[in-house]
Amino acid sequence: MYFLAVMMTLLGAADSLLVSVAPARAQVEEPAVVVHRQPAVGIVALRLSVLANDPPGYAGAGHMIQHLLYSSLRDRVARVGGELQIQRTSDAIIYTATGPASELTYLAEILKSALSPKAPTTDALLSAERELREERLSEWETAQGHARSMLRAQLFPPDVSAAGTERSATRFSSSALPRIWSALYSPDRVSVVAVGDVHLEDVRSAFANLPEAASEPELLPISRDSIVLGSLAPPQATRGWVGAAYLASGLEPAAVTVATRLLGDYLRRRLPTVQVDSEHWWTHHGQAIALVLAVPEPDLDLARRALGTALSSLLDDLNLLDVTEAADAIRSEMLFYSRTPGRMAEVIGQFVDREGDPNATDQFYAALDSLDDDDVREVLEHAFELTPARIEIPPQTLHPRVQ
Amino acid sequence: MKAVALAAILLAQSFGSDSHAQARVGVLSEPGTSVVAAELLFSVGPGDEDEYQSGLTYLAARSVVAPIEPLLDSIGAHLNVLPEKDAISFSLVSAPDVWEEATGILSTALFRDPPDSLTVIRERASIAAELQGRSANPADAATRAIDRAFFGPDHPWGRPTVGTPESVRRLQFGEVESFLRENFVSSRTFAAAVGPLDPASATAHLESLLGSAQGAPLDYPPFEPAERSIQAAYNSITTWVTASFIFPEDADEEAMRFIGYLAAAELSFSPLQRSIYNVESEVVTRVGSGEIRLQIVVPPEESEAWEERVAGVLTRLLDSPMLPDVYAGHLRRYAGEQLMALAAPEDRAHAAARRLLVHGQVDGHIPGLEGLTQERVRQAAASLATPTIVVLGPTLDD
């Protein structure tokens with residue numbers, strides 16, 4: 001669950017401030033390819049990612065292009081019984097096709113076609129705009145998404161929603177999108193992770209000859225974005241929501257993950273009536289520990305106090321046994337989560353996108369095994385010195401209508 | 001011709017157990033898979049319950065494993081209980097270094113630990129609440145109705161597999177205790193495991209869990225499908241049309257699976273069939289026989305027309321041969337979907353355990369489809385008897 005949270009909460013997207021993503025490989029025309037051979041069944045999961053921030057002023061453009069392509073790609077993959085997923089993380093624009101390994105070349109061609117999107121029709125554009133708007137609204141309207149967005153905006157201002165902003169959405173015309181894509185794409189930003197009954201040479205060969213980058217990316221008329229940091233509308237909340245997030249950039253990621261898990265366990269023990277989510281946010285923007293509590297109204301004071309003292313209380317009781325057990329549990333959850341080719345490709349791919357190192361997943365897994373309580377103590381003490389980002393959403397008060 | 005086919009099915013059902021040289025343990029070694037999925041499958045189900053005890057198998061299974069869930073959780077093992085008509089399965093997914101410990105904990109609970117009354121009471125309340133919550137679900141109602149029609153109202157498989165809220169609430173601790181002692185025994189157990197395993201040592205471990213008892217004969221009572229259309233009034237805004245085709249144990253299983261796929265494709269949404277909401281197909285093989293089950297969801301005012309379409313779906317497949325490239329396209333997609341259905345190791349372990357139960361052996365996951373010609377499929381389709389159909393939805397009076 002914790003590892004899943006680590007993986008699945010890294011879904012915020014880069015917007016448009018001038019931030020570089022994980023470094024592209026200089027002057028490389030072929031994609032970086034990582035293969036995890038899993039010959040159990042004749043399936044392969046192919047995860048193609050393009051490391052990219054949306055250009056300044058065009059937040060959400062990468063995800064918009066994904067929406068425009070999605071139904072066509074999905075239908076083509078379905079012709080061989082496969083499945084397609086799109087994902088926009090803070091690090092990359094991602095397409096994952098899972099299907100028969102014997103269809104490797106066919107599936108690779110479909111994914112490669114996503115790298116040269118055509119100018120959309122007006123119908124398709126309107127439909128994709130509506131889908132993106134729904135994503136934006138759902139993130140703001142519900143307390144769960146709202147709390148995370150507000151914490152993320154305080155810690156990582158450039159890391160705004162994958163769905164962009166109201167303002168940037170007005171700039172996605174059918175003529176602008178090809179120019180935006182030319183600013184996002186070049187072959188050296190592409191990584192491919194393949195998991196399944198395939199060999200490295202075959203995957204390399206299937207993904208050779210990627211579309212070329214635009215020789216001279218066209219200048220876009222807007223060069224800055226405006227990001228609304230405040231609430232657009234009151235979120236829906238029947239419980240109170242209290243959250244705190246601590247920057248943890250530069251610290252050992254495995255230790256941050258374990259510290260996050262231990263903080264979550266501690267808060268659950270202290271607050272049995274409260275829903276506790278503890279998440280390790282880890283993108284190219286940096287790392288953070290996020291704690292989000294959904295609290296019944298009578299317990300709000302108690303929850304605020306517990307959240308405020310969680311770091312110091314955990315520091316007081318920290319011991320090697322708890323650290324080792326937490327690390328073992330996370331390793332076990334990593335294995336369980338990545339038991340299908342699609343999930344394994346997702347896990348390996350997120351590490352590759354972030355670190356640019358094909359062995360990053362193995363290194364993280366090994367680091368968990370060698371952690372001791374001093375490593376975790378360092379993380380907690382670091383966080384203790386910081387002023388955390390905070391969010392609080394009061395529960396809605398329902399008044400019966402007077403006739 | 002069809003009467004002969006049905007007679008053959010009934011004969012096979014009656015004497016199905018005699019025709020098996022039954023292996024009870026299967027291991028598939030899968031380097032590269034991150035976990036081990038193991039399944040203990042018991043040939044126990046509604047056929048072992050008395051009429052008034054519907055749901056006893058499932059309650060017994062849940063009660064016996066509930067106390068070990070925290071222990072399994074502590075070593076990162078995930079347990080799931082899957083009830084079916086002819087068997088109940090315990091599926092365990094765990095890290096390779098703890099799978100033997102996890103299966104050991106499970107087998108001890110199943111074969112040695114007596115249930116405790118508090119757990120039985122808690123699980124009984126929990127199952128009854130789950131079933132109560134699903135009682136208004138038309139999908140469940142459609143399944144109950146087709147089971148009753150296909151297997152017969154007096155056949156144990158015609159009853160709901162996990163019982164009803166009322167039947168479960170009636171079950172007593174003593175019934176659970178004696179049911180476990182009599183039926184959850186190693187002689188009725190099949191064990192399968194997939195993952196990064198050494199086949200010899202994994203087989204030895206699973207055999208040690210089962211002990212030295214000989215496999216008990218599989219004894220499932222025969223049934224006779226209604227083979228006609230049955231209307232069932234139900235207060236919903238959609239109509240559910242379900243058809244079941246029986247096929248004999250020695251039928252061309254792969255062709256039958258492909259027929260299920262083709263029938264669903266024929267009935268699915270298209271520019272000419274825009275009113276259909278959902279189509280599903282399932283092919284189940286059991287000892288003695290198998291079943292192709294199709295289910296569609298349509299607007300109530302079109303239910304008669306859709307009932308005819310479902311009844312005639314095989315005739316249309318037989319009457320109009322496909323162009324070779326169209327057929328090849330279907331086969332290509334079907335092959336991919338078959339593989340995708342086995343993407344998770346627990347699904348592969350379950351398929352292996354089912355093959356042990358039904359075929360007495362595990363011989364890999366996916367049968368070859370190379371020889372699945374259009375002629376072979378047509379021959380298999382022609383051997384199918386008239387389907388049993390249930391139309392469940394609002395009537396004109398509603």
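Residues numbered from 1 in each chain as written. Chains lettered and ligands numbered in written order. Predicted model: local features only at pLDDT ≥ 70, side-chain atom pairs only at ≥ 80, totals over all residues.

Before we go on, may I ask you to explain the overall build of chain B in this structure?
Across its full length, chain B holds 15 helices and ten strands. Over its C-alpha atoms chain B spans a radius of gyration of 22 Å, differing by no more than 12% from the 21 Å that the globule rule assigns to 398 residues. Summarising its shape, the C-alpha atoms of chain B cover approximately 55 × 50 × 40 Å along the three principal directions. Within the span of chain B, comprising 398 residues, buried residues form 48% of the whole. (Helix = DSSP H or I, 4+ residues; strand = E, 2+ residues; numbered from the N terminus. Rg over C-alpha atoms; globule rule 2.2 N^0.38 Å. Buried ≥ 20, exposed ≤ 12 C-beta atoms within 10 Å, placed from the backbone.)

Which parts of the structure should I look at to understand the domain arrangement of chain B?
Many analyses report the size of an interface as the accessible area lost when the parts associate. All names here are of chain B. The domain architecture assigned to chain B consists of domain 1 (19-210) and domain 2 (229-393). Using only C-alpha atoms to locate each centre, domain 1 and domain 2 end up separated by 26 Å. Across the boundary between the two partners, domain 1 contributes 31 residues, which contact 26 residues of domain 2. Elements with a minimum of two residues in the side of domain 1 that touches domain 2: β1 (25-29), β2 (36-42), β4 (88-94), α6 (138-151) and β5 (189-195). With seven residues, the top contributor of residues to the side of domain 1 that touches domain 2 is α6. By residue class, the composition of the side of domain 1 that touches domain 2 is 20 nonpolar, eight polar and three charged. (Domains from an automatic or database assignment. Contact = placed C-beta atoms within 7 Å. Nonpolar A, V, L, I, M, F, W, Y, C, P; charged D, E, K, R; others polar.)

Before we go on, may I ask you to explain the pairing of strand β7 (residues 239-248) of chain B in this structure?
Regular strands have side chains that alternate between both faces of the sheet. Residues and elements named next belong to chain B. Most of β7 is tucked away, with ten of its ten residues classed as buried. Burial along β7 is two-sided: the residues Thr-239, Val-241, Ala-243, Phe-245 and Phe-247 and Trp-240, Thr-242, Ser-244, Ile-246 and Pro-248 are all buried. As paired strands, β7 and strand β9 (residues 289-298) are joined by ten bridges and run antiparallel to one another. The residue bridging Phe-245 from the neighbouring strand is Ile-292, located in β9. With five bridges connecting them, β7 and strand β10 (residues 388-393) associate as antiparallel partners. For Trp-240, the partnering residue across the bridge sits in β10 and is Leu-392. (Pairing = 2+ DSSP bridges.)

I keep staring at the pairing of β4(B) and nothing clicks. Help me out?
All names here are of chain B. β4 sits mainly inside the fold: seven of its seven residues count as buried. Residue alternation in β4 divides its side chains into two sets, Ile-88, Phe-90, Leu-92 and Ser-94 and Ser-89, Ser-91 and Val-93, and both sets are buried. Taken together, the seven bridges between β2 and β4 define a ladder with antiparallel strand orientation. What sits directly across from Leu-40, in β4, is Phe-90. Pairing between strand β3 (residues 78-83) and β4: six bridges, direction antiparallel. Across the sheet, residue Asn-80 finds its bridge partner in β4, namely Ser-91. Count of turn residues in the β3/β4 antiparallel hairpin: four residues.

Explain helix α9 (residues 199-210) of chain B here, please?
The periodicity of an α-helix, 3.6 residues per turn, causes residues three or four places apart in sequence to face the same way. Residues and elements named next belong to chain B. For α9, with twelve residues, the first-to-last C-alpha span of 16 Å sits near the 16 Å given by 1.5 Å per residue. Three or more residues of α9 are buried, namely Ala-202, His-205, Leu-206 and Leu-209. Buried residues of α9 fall within an arc of 95 degrees about the axis and therefore sit on the same side. Exposed and oriented more than 90 degrees from the buried face of α9 are Ala-200 and Ala-204. Summarising the contacts, the buried residues of α9 are in contact with β1, α4 (99-111) and β5. One or two steps after α9, the chain reaches Gly-211, where phi turns positive at roughly 75 degrees. (Expected span 1.5 Å × (residues − 1). Arc of directions from axis to C-beta.)

Explain the packing of helix α2 (residues 56-65) of chain B against helix α8 (residues 173-183) of chain B here, please?
Packed helices, taken two at a time, are described by their axes: the angle between them and the distance between them. All names here are of chain B. Orientation of α2 relative to α8, taken along the N-to-C sense of each, is 85 degrees, at an axis distance of 9 Å. Compared by their axis directions, α2 and α8 come out roughly perpendicular. Facing Leu-56, Leu-59, Ala-60, Ser-63 and Val-64 of α2, the residues of α8 in contact are Glu-175, Val-176, Phe-179 and Leu-180. (Axes fitted to C-alpha atoms, helices over the stretch in contact; angles between N-to-C directions. Parallel < 35°, antiparallel > 145°, perpendicular 65-115°, else oblique.)

Could you clarify how one ought to interpret the interface of chain A and chain B in this entry?
Contacts between chain A and chain B engage 28 residues on the former and 25 residues on the latter. Taken together, the residues of the side of chain A that touches chain B sort by class into eleven nonpolar, eleven polar and six charged.

I would appreciate a short explanation of the domain arrangement of chain A in the present structure.
Residue and element names in this part refer to chain A. We note that the domain assignment places domain 1 (13-206) and domain 2 (240-393) within chain A. Relative placement of domain 1 and domain 2: their C-alpha centres are 27 Å apart. On the side of domain 2, 27 residues touch domain 1, which itself brings 34 residues to the contact. Looking at the side of domain 1 that touches domain 2, the elements that each hand over two or more residues are β1 (32-37), β2 (43-51), β4 (92-100), α5 (143-155) and β5 (190-196). A per-element tally of the side of domain 1 that touches domain 2 places α5 first, with eight residues.

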